[in-house]
Amino acid sequence: MTTEIADAAKPQLDWKRTLFMLIGLTLFAIVNFSPAWPDAVDPAGKHFILSAQGKGALAIFLLAGTWWVFEVLPIGVTSLAIGALQVLFAVRTAKEALKDFMDPSVLFIFGSLVIGMVFTKTGLTKRLAYKMLAVVGEKTSMIYLGCFVVTAALTHIMAHTAVAATMFPLLMTIYGMYTDEPGPTKFGKGLFIGMAFIAGAGSIITLLGAARGAVAIGFFKDIVGTEISFFELTYYMAPVGWAMTFLLWGFFMIVCKPEKKTIPGLREKAKMLGKAMGGITKQEILAATIIFTAIAIMSAKQFIPAISNLDKNAIMLVATVLFFIFNILNIQDLEAIPWNIILLFGGAMSIGFCLWETGAAEWLAINWLTLFQKANYFVFILSIAFFVMIMTNFIMNVAAIAISLPVALVIAPYLHVAPEVILFASLVTAGMPFILLVGAAPNAIAYDSKQFTPGEFFMYGIPASIMLMIVIALSIFMWKLMGMPITTM
């Protein structure tokens, strides 16, 4: 008996975890220590050498992707490995590799998570959740739809990261009314993964949904000399973004069909709980004032030149400081922030800049797009969209566009493809990284619900990405009917 107890106490080897850890290390070793790879050659005949540092970046990229998908380590710890490997194998210096962990974009995500925490602590989340449930009713299909439509609508006026941080505690409250059983459910998976996917779909519609739109338009103007206006972007993107919103609702009703069709008595219970909360408190008013003032300033930056130079990251951090000044948050709240998520995005920024600065990303883009330099215009447009979709799951979506657009715009005239359709197709897929958690902040925020694993997210993301590519294929014809130039012939 004693021997049996002793054997049971011994740690069991997790063969699956060990296997994928070794696969990641093997991929790293094969790529990093392999002989020099052939140059990439663009249509103009210019050669792009893949340096030893670039090859090392690709090696780390493969290791990180494998470890993230199969979660052989906590996702934040894999991010730390990204920084350490760059330094140990002389891919980049310690200063270059590790400073990205506190990049302004990472601090923006930190601020967004703090806003979500404030919504929960003050009771604003429960108040909003009860009102929403009183409207959408007791059918779980309508709860899905209501949550998704609100998420998409909010991304028209605020950054999708802030939207995800705002919606997350609200969804947690709604989910708590669905079940009090421990462990994940199909409804929980659909609710949180769906929120992340919809935040991306909605964010493509206006320039306020994410920074990628404004940066890509500025980049496009420098290359092509044509300016895309705020409303022109919305005109072409709104049908695509909303089509994906409703298609994703249908998708999750199939792959994550809720265990319960209805939650009996939910509407009345939500009304009762809402009344029990009483009137809105001073702390709720103060918190809401700080949050919506910050959102309003970030949104107005696009239209008011006098405040256009205000940095969105600084605005978010000022709001964070104010929460502590007015005792809305305290030191215990600071310690409760999910640092695993912060580290995840620190690592994502580090590998993204690593691929960019070593030239590895550009080498990949040229090799991929030159495969299609003699293809039909329709295939060429889809090849660009596909490349951006894959790259934006690993690196910053702005960088994914920046490395692919110049190459695509060089090839485009030979195939008589108009530059506008290349820009818009790229922006669509850049906004919807459905495969990896590191592709977008809403993905990582949703992961904090503990309703799904990175592997499950990956598996749901593959069919969703295929659906996205089909939508883009159809959108090319729709955009032509709407007046967008598709070819130059």
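Located above this text is the structure these notes cover.
Within each chain, residues carry numbers counting from 1 in the order of the written sequence. Given that this is a predicted model, residues contribute local features only at a pLDDT of at least 70 and side-chain atom pairs are listed and counted only at 80 or more, while totals for whole chains, interfaces and linings are drawn from all residues. Calculation of side-chain values draws on the structure's entire complement of heavy atoms; hydrogens and water are dropped beforehand.

1. Brief notes about the overall build of the protein
Counted only if it meets this: A run of H or I in DSSP counts as a helix once it spans at least four residues, and a run of E counts as a strand once it spans at least two, with each numbered from the N terminus. Residue burial is assigned from relative accessible area. The probe radius is 1.4 Å, only protein chains are included, and a residue is buried under 20% of its type maximum, exposed over 50%, and partly exposed in between. In what follows, residue pairs with any heavy atoms lying within 4.5 Å of each other are defined as contacts. Each accessible area value is a Shrake-Rupley result obtained with a 1.4 Å probe; residue values ignore everything except the protein chains displayed when judging cover. Under this rule, positive means Lys or Arg and negative means Asp or Glu; His and the chain ends count for nothing. We put the charge of a Lys on NZ, of an Arg on CZ, of an Asp on CG and of a Glu on CD.
Of regular secondary structure, the protein possesses 23 helices and two strands. The buried share of the protein, taken over its 489 residues, is 55%. Counting contacts in the protein only where the partners sit at least 6 residues apart, residues at least 24 apart contribute 80% of the total. For the protein, the exposed surface amounts to about 21,000 Å²; the carbon and sulfur share of it is 69%. Averaging the locations of the 30 positively and 26 negatively charged side chains of the protein gives two centres separated by 7 Å.

2. Comments concerning the layout of surface pockets
Here is the rule we go by: Here the term cavity refers to a set of points on a 1 Å grid, laid over the protein atoms alone, in which a 1.4 Å probe fits but cannot get out; the term pocket refers to an open set having protein on both sides within 12 Å along at least five of seven lines, with lining residues being those that place an atom within 4 Å of a point. Grid points are joined across faces, edges and corners, and a volume is the space filled by probe spheres set on the points. Under the convention adopted here, Pro, Cys and the residues Ala, Val, Leu, Ile, Met, Phe, Trp and Tyr are nonpolar, Asp, Glu, Lys and Arg are charged, and Gly plus all remaining residues are polar.
Approximately 1,000 Å³ is the volume attributed to the largest pocket. In terms of lining, the largest pocket is formed by 42 residues, of which the most central are S105, A210, A211, R212 and K312. Taken together, the elements giving at least two residues each to the lining of the largest pocket come down to α6 (104–122), α9 (160–178), α11 (211–224), α14 (282–300), α15 (312–325), α17 (339–357) and α20 (397–415). Here the lining of the largest pocket is built from residues that sort into 27 nonpolar, ten polar and five charged. Here the second largest pocket is characterised by a volume of approximately 210 Å³. Around the second largest pocket, the lining residues are F119, L128, K131, M132, V150, L154, M158, T166, M167, L170, F292 and I295. At the level of elements, α7 (124–136), α8 (140–154), α9 and α14 are the ones that each hand at least two residues to the lining of the second largest pocket. Broken down by class, the residue content of the lining of the second largest pocket amounts to ten nonpolar, one polar and one charged.

3. Some words on the nonpolar core
Defined as follows: We define a nonpolar core as any set of buried Ala, Val, Leu, Ile, Met, Phe, Trp, Tyr and Cys residues linked to one another through side-chain atoms lying within 4.5 Å.
Core analysis: the largest hydrophobic core is formed by 169 residues, its most contacted members being L248, F323, F380 and W479. If you tally residues by element for this core, the top one is α9, at twelve residues.

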